[in-house]
Amino acid sequence: MVVTTKKLVVLEPVGEVKAPAKEQALSPRLEALEGKVIGILDDGFPDRLLRPLEQLLRERFEGVQTLFWVKPSLSTPAPSAMLDEIAQKCDAVVVGLCA
């Protein structure tokens, strides 16, 4: 008699939070987009929204400049250095999550 034992491994895909997020006030709205630098941060998901949005911003708002970044990995936060660069160079930022 042959007895076969199979083993099933179940993984729980829930991340761990190391520290609670700090509560922060929202940044003030810009009065206008004309002449501003708008950053676009793509999370790395196959994109059909952000490049057309970038083009629309350039067409509709005179003098607007756009800067585009793509996160190195969809499943991890953007590197601190990347976020610092975006904050330094941009007046406002659009972040696309699974865009």
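Before going into details, it helps to say that this report is about the structure given with it.

Parameters and conventions
Residues numbered from 1 in each chain as written. Predicted model: local features only at pLDDT ≥ 70, side-chain atom pairs only at ≥ 80, totals over all residues. Heavy atoms only, no water. Phe/Tyr/Trp six-rings, centres within 6.5 Å; stacked < 30°, edge-to-face > 60°. Lys NZ or Arg CZ within 6 Å of the ring centre and 35° of its normal. Buried < 20%, exposed > 50% of the residue type's maximum accessible area, 1.4 Å probe, protein only. Helix = DSSP H or I, 4+ residues; strand = E, 2+ residues; numbered from the N terminus. Pairing = 2+ DSSP bridges. Right-handed = clockwise from strand over helix to strand, strands pointing away. Axes fitted to C-alpha atoms, helices over the stretch in contact; angles between N-to-C directions. Contact = heavy atoms within 4.5 Å.

## Quick look at the packing of aromatic side chains
Part 1: Enumeration over the complete set of coordinates arrives at zero aromatic pairs.
Part 2: One Lys or Arg, Arg51, reaches over the ring of Phe68 and ends 3.5 Å from the middle of that ring.

## Considerations on the pairing of strand β1 (residues 37–42)
Part 1: Burial analysis of β1 places six of its six residues in the buried class, the great majority of the element.
Part 2: By the alternation rule, side chains of β1 split into Val37, Gly39 and Leu41 and Ile38, Ile40 and Asp42, which are all buried.
Part 3: As paired elements, β1 and strand β2 (residues 65–70) share six bridges and run parallel to each other. Considered in β2, the bridge of Val37 is made with Gln65.
Part 4: A crossover connection joins β1 to the parallel β2 through helix α1 (residues 50–60); in handedness this β-α-β unit is right-handed.
Part 5: Pairing between β1 and strand β3 (residues 92–96): five bridges, direction parallel. For Gly39, the partnering residue across the bridge sits in β3 and is Val93.

## Points about the sheet that holds β1
Within a sheet, each strand pairs with its neighbour through backbone hydrogen bonds, oriented either parallel or antiparallel.
Part 1: Spatial strand order, β2-β1-β3: three strands in an open sheet with parallel pairing. The strands lining the two open edges of the sheet, one partner per strand, are β2 and β3. Mean inter-strand twist for the sheet, computed between neighbouring axes without regard to direction, equals 20°.
Part 2: Set on the sheet, helix α2 (residues 80–89) makes contact with β1, β2 and β3; between it and β2 the angle comes to about 175°.

This is a description of form; function is not addressed.
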